[in-house]
Amino acid sequence: MLDISFLRSLVRAAIAIGCLTACAPVSGTGGGLGGGSAGFSRRDERQRIGSFSTVQAVAVSRRFVYAASGGGIAVYDRVMEAWLPPLTRDQGLIDQQITVIAGDPVEEAVWFGVPGAVVSYRPQTEQLQRTIVTGVPEYIAFDRGGTGDAFVRSAGQWTRISRIGLSAPLAQPPVPASVIAPSTLNDLYTRFPTLRTQPQLLLREQAANRPLRQFALLSGAASPERVSDVWLGTDGDGLYRLDPTLLQAQALRFGLLEPGVGALALAADGVWVAGLGVPSSRGGLTFATSDLQQWRWLEGTISTPLTGLRAYTLATRAERAWMGTDRGLVRLRLDGENDVAAWTTLDGLPDDRVLAVAPRDEGAWVGTRRGLQFVSDSARVRSTRTRGLGARLLDNTPVYALLFTGDTLWAGTESGLLAIPRPDAVAGGTLARPRAQDPALRRPVRSLAWSDTVLLAATDDAVLRLAPRGGVEPVRIPALDVLQVGQVTRVAIDNRAMWLAGTTGVVMLSRQTGALRVLRVPADVPGPVLDLVASRDWLWLGTPQGLVRYRRTGDGLVP
């Protein structure tokens, strides 16, 4: 005859083992998030930001707002009025997999469903807990009693999940009077009919030269402690905070305007981001401050739309941004006017594929797949004959990179590295080659970078170090090994470090200590690195999966 106490101990052991299996954290150690990839122990050391212009679901707890999109879940602190690091693939989520989301009425947490599991996240402790369920979760509600357990419906059956992640199937659905159901968009429509009848009067931000867009409401939720505090998710215009009583709406921008990053440019207090041309409802430039708290979206005008543009390069000078795309050159004013101008082959450009831009006060030198062209910035008074275009050089030669050092323009081309001393906007200039024995400088030069007295040129074979003023033979930098990064996309340098980026990773070398660090795809970087810029404290990478920010260490590298 079996001992009853022995059977009970076996049951308790089985429950404990089930909890360890079913409630395992999505990533990190001990339920904490840590860094989503190897080598990063803190979340602020590496943050990935995707597009949050389309908010498919919204949930609200007593302090936090959670906005789910294809790029993950954005977290907004209502008390501090600050954005927290979002939940993304780094924490184990897969794009477009969130099926349902609900704010916790008992504690500061959010519960969301993914195929085969329910995940709860507590922002204040950064604890992420996963409980396995059958099928795809469709609905989440909470026990009105003292426990506050979650009731989940998936695959036609109900499951009760405790605060520590223990799950138990329910034979019958919970009684409606015994549960707390999170508010939905339909509930808000019933409570505030204006949302259904005239939503655009509340949410529209219209400029005279911008297209009139009708952004649909996709999701909504009300604050648990104040029903007049409503949060709405739109189809392309991000998250809104709405007071339906006073008919006042506030747009809360976060993340990229469109998925993917094609090019980057540093700003004094942040970074500008140009898109990859992924099909979406909107397209344009995104600005993010270095602390990722302030975001700004700039899109095209009625006459010059930017939707679907694939950006190859981005450069800023004063209040202007120059963007090279697969549909020509685009210039945007970054001041209050937000004026947009564009040049294509119809205006006289050698090719619509603009790969490099070197801006000046009076305009910009533009490198295309078929040559080099100067474009005047006086777009409003273009000559009917020249349409703002000036000198043209290197006909039928792809120009991959442009860089000014003093009054000399360096060009990385298909036929090697070239210099144009004192180029003239009308007359052009004289082409010269650097005096070098290394044959690599006569092969295609993919990227250029400059800092203090050092010029870097990246080819498919090597990275070479040059002295722009001459007198020193160019030398290769063996530590920046192109075999480590696949196809070379960018090279960069500042007073502390040098970087080489490509389709399979990034190699970085400290100029102070000689230390070497390699970031690999996909362990450390989510995808091919298409662009790279560095500020004093941060390293920014642009990838098809979004923007990635790394904290820099004292030697100029990353942890």
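Predicted, not measured: the structure shown is a model, and the values here were computed from it. (Residues numbered from 1 in each chain as written. Predicted model: local features only at pLDDT ≥ 70, side-chain atom pairs only at ≥ 80, totals over all residues. Heavy atoms only, no water.)

Trainee: Looking at this model, I keep getting lost on the sheet that holds strand E35 (residues 454-459). Mind explaining?
Mentor: In a beta sheet, neighbouring strands pair by backbone hydrogen bonds and run either parallel or antiparallel. The strand order across the open sheet formed by 4 strands is E34-E35-E36-E37, and the pairing between neighbours is antiparallel. With one partner strand each, in any of the chains shown, strand E34 (445-451) and strand E37 (475-476) form the two edges of the open sheet. When E35 meets strand E36 (residues 463-466), the two strands line up antiparallel, connected through 4 bridges. The residue of E36 that forms the bridge with Ala457 is Leu464. (Pairing = 2+ DSSP bridges. Helix = DSSP H or I, 4+ residues; strand = E, 2+ residues; numbered from the N terminus.)

Trainee: Would you explain the pattern of salt bridges in this entry?
Mentor: Pairs can form between side chains of opposite charge once their charged atoms are near each other. One pass over the structure, following the stated rule, counts 33 salt bridges. Here Arg160 ties to Asp143 by a salt bridge, and the two come within 2.6 Å at their closest N and O atoms. Taken together, the residues span a long stretch of sequence, with Arg160 in strand E12 (residues 157-161) and Asp143 in strand E10 (residues 137-143) at a distance of 17 residues. Take Arg160: its relative accessible area is 25%, and that puts it in the partly exposed class. For Arg446, the salt bridge identified is with Asp460, shortest N-O distance 3.0 Å. Within this pair, whereas Arg446 is found in strand E34, its partner Asp460 is found in the loop between E35 and E36, the two being separated by 14 residues in sequence. By relative accessible area, which is 23% here, Arg446 ends up partly exposed. Look at Asp460 and you get partly exposed, because its relative accessible area is 37%. One network of salt bridges, in which partners are shared, links Glu319, Arg320, Arg331, Arg333, Asp335, Asp339 and Asp377. (Salt bridge = Lys/Arg side-chain N within 4 Å of Asp/Glu carboxyl O. Buried < 20%, exposed > 50% of the residue type's maximum accessible area, 1.4 Å probe, protein only.)

Trainee: Could you clarify how one ought to interpret the pairing of strand E39 (residues 497-502) in this entry?
Mentor: As a general feature of sheets, a regular strand has side chains that alternate between the two faces. With 6 of 6 residues buried, E39 lies mostly within the body of the structure. Of the two faces of E39, the one lined by Ala497, Trp499 and Ala501 and the one lined by Met498, Leu500 and Gly502 are each fully buried. Direction of pairing for strand E38 (residues 488-493) relative to E39: antiparallel, over a ladder of 5 bridges. Counted as the bridge partner of Ala492 is Trp499 from E39. Two successive antiparallel strands, E38 and E39, enclose a turn made up of 3 residues. Two strands pair when backbone bridges link them, and E39 and strand E40 (residues 505-510) are joined in this way by 6 bridges, in the antiparallel orientation. Note on E40: the bridge partner recorded for Ala501 is Val506.

Shape is all these values report; function is a separate question.
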